[in-house]
Amino acid sequence: MLTMTNTMICHFCHISRSRVLTKCQVVGAKSRIFSRTNSTFLQTIDQSLQLSTTNPLYQGTASLLDSVHSATGLPWWMSIVATTFCVRSLLHVPLMIVAHRGQAKLVNLKPQLDEEFKELSHKLKQAKWVYKMSDKQFLTAAAASRAKLLRQFYMKHNVHPLKGVVVSLTQLPVWILISLTLREFAGRFTNTPREDFLTEGGPWFTNLTLADPTLVLPVSLGLVTLLNIKMGKAMNPAMTSLAQRDIRMEKKVAVTMYLLSIAMVPLAAIQPSCISLYWLTSAVFSSVQNLGFAVPSVRRFLGIPQHAAEPDIHRLFKARS
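The structure reproduced in this document is the subject of the present report. (Residues numbered from 1 in each chain as written. Predicted model: local features only at pLDDT ≥ 70, side-chain atom pairs only at ≥ 80, totals over all residues. Heavy atoms only, no water.)

### What about the overall build of the chain?
- When helices and strands are tallied, the chain shows 12 helices and zero strands.
- If you list the helices and strands of the chain from N to C, you get α-α-α-α-α-α-α-α-α-α-α-α.
- Counting only contacts in the chain whose residues sit at least 6 apart along the sequence, the fraction spanning at least 24 positions is 73%.
- About 20400 Å² of surface is accessible on the chain, with carbon and sulfur atoms providing 67% of the total. (Helix = DSSP H or I, 4+ residues; strand = E, 2+ residues; numbered from the N terminus. Contact = heavy atoms within 4.5 Å. Areas by Shrake-Rupley, 256 points an atom, 1.4 Å probe, with all protein chains shown as cover.)

### Describing the pattern of salt bridges
- All told, the structure shown has four salt bridges when counted by the stated rule.
- For arginine 194, the salt bridge identified is with aspartate 66, shortest N-O distance 2.6 Å. Remark: aspartate 66 occurs in helix H2 (residues 56-72) and arginine 194 occurs in the loop between helix H7 (171-185) and helix H8 (216-235); sequence separation between them is 128 residues.
- Given the relative accessible area of 26%, aspartate 66 is considered partly exposed.
- For lysine 128, the salt bridge identified is with aspartate 135, shortest N-O distance 2.9 Å.
- The exposure class assigned to aspartate 135 is exposed, which follows from its relative accessible area of 53%. (Salt bridge = Lys/Arg side-chain N within 4 Å of Asp/Glu carboxyl O. Buried < 20%, exposed > 50% of the residue type's maximum accessible area, 1.4 Å probe, protein only.)

### Brief notes about helix H4 (residues 110-131)
- Along its 22 residues, H4 runs 31 Å from first to last C-alpha, staying within 8% of the 32 Å computed at 1.5 Å per residue.
- Of all the residues in H4, the buried ones are Lys110, Leu113, Phe117, Leu120 and Leu124. Here the buried residues of H4 occupy an arc of 75 degrees about the axis, which is enough to place them on one side. Exposed residues lying more than 90 degrees from the buried face of H4 are Pro111, Glu115, Lys118, Lys125, Trp129 and Val130.
- The inward-facing, buried residues of H4 contact helix H3 (76-108) and helix H5 (135-157).
- Taken from the residues just after H4, lysine 132 is the one with a positive phi, measuring 50 degrees. (Expected span 1.5 Å × (residues − 1). Arc of directions from axis to C-beta.)

Here it is, written out as structure tokens:
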């Protein structure tokens with residue numbers, strides 16, 4: 001009896017040990033599969049971001065960077081700064097002038113639009129009484145009529161609130177293209193960085209292919225991005241919108257922008273310093289640009305009409321005091 005009991009215990013222990021080993025093997029296999037999958041996923045991302053050296057967009061951007069570097073004789077970190085200011089000045093500033101002109105025209109037309117809305121509301125009330133419409137029918141007809149009036153008004157005067165947003169977003173493809181080209185120069189895709197990128201960095205980030213070891217560039221980028229958000233909010237009064245303001249939506253946009261400024265710090269911290277330098281330079285240029293567009297004399301020189309909601313640099317100093 002005792003022998004049988006011992007045999008059963010040993011058999012049970014053997015089964016339990018086998019089960020434990022099986023579970024460990026399964027977990028280990030899953031870990032290896034996850035590791036390979038994760039590595040494959042990251043490689044897929046890198047491959048999807050990689051620019052082919054035969055790509056015309058890459059060749060044009062690389063040629064521009066090389067031309068500025070060779071023409072000025074500056075080290076690469078200063079050439080990146082100079083290229084950023086040149087590209088933003090030649091491409092983005094003219095588009096922003098167009099956007100500000102459209103914004104001014106939009107705001108100046110608002111009184112006329114208000115009058116047309118007022119006249120439409122009067123007609124709608126008369127139609128409700130004549131045709132004996134229910135409240136639901138009246139609200140549906142009123143919404144459709146206002147939307148039609150707004151579309152016709154935009155087409156007649158060739159304005160639209162989203163035009164300024166679209167114009168502002170045109171810099172995004174250029175920003176991405178230069179970032180990917182610099183990433184290619186740093187050898188993140190091919191593992192063969194340019195030799196001069198290894199030595200022509202800045203005072204504390206001498207190697208442009210590596211991340212900034214002091215985190216000065218990433219932290220500065222986050223602070224300048226936050227400054228741009230605060231500066232725009234301080235210098236621009238609540239924009240007189242052609243539609244009714246959505247306070248909750250404005251708060252959501254503000255929170256999103258603040259989170260973006262925070263997220264830029266860890267994102268830039270893992271990038272080669274040439275990319276974080278480019279991002280920081282672009283953000284600094286935006287600060288200078290915003291200050292310039294907030295000076296009334298500069299706006300009049302650029303042909304931007306005066307309007308009640310235009311940015312004013314004096315509001316920045318009032319907000320700080």
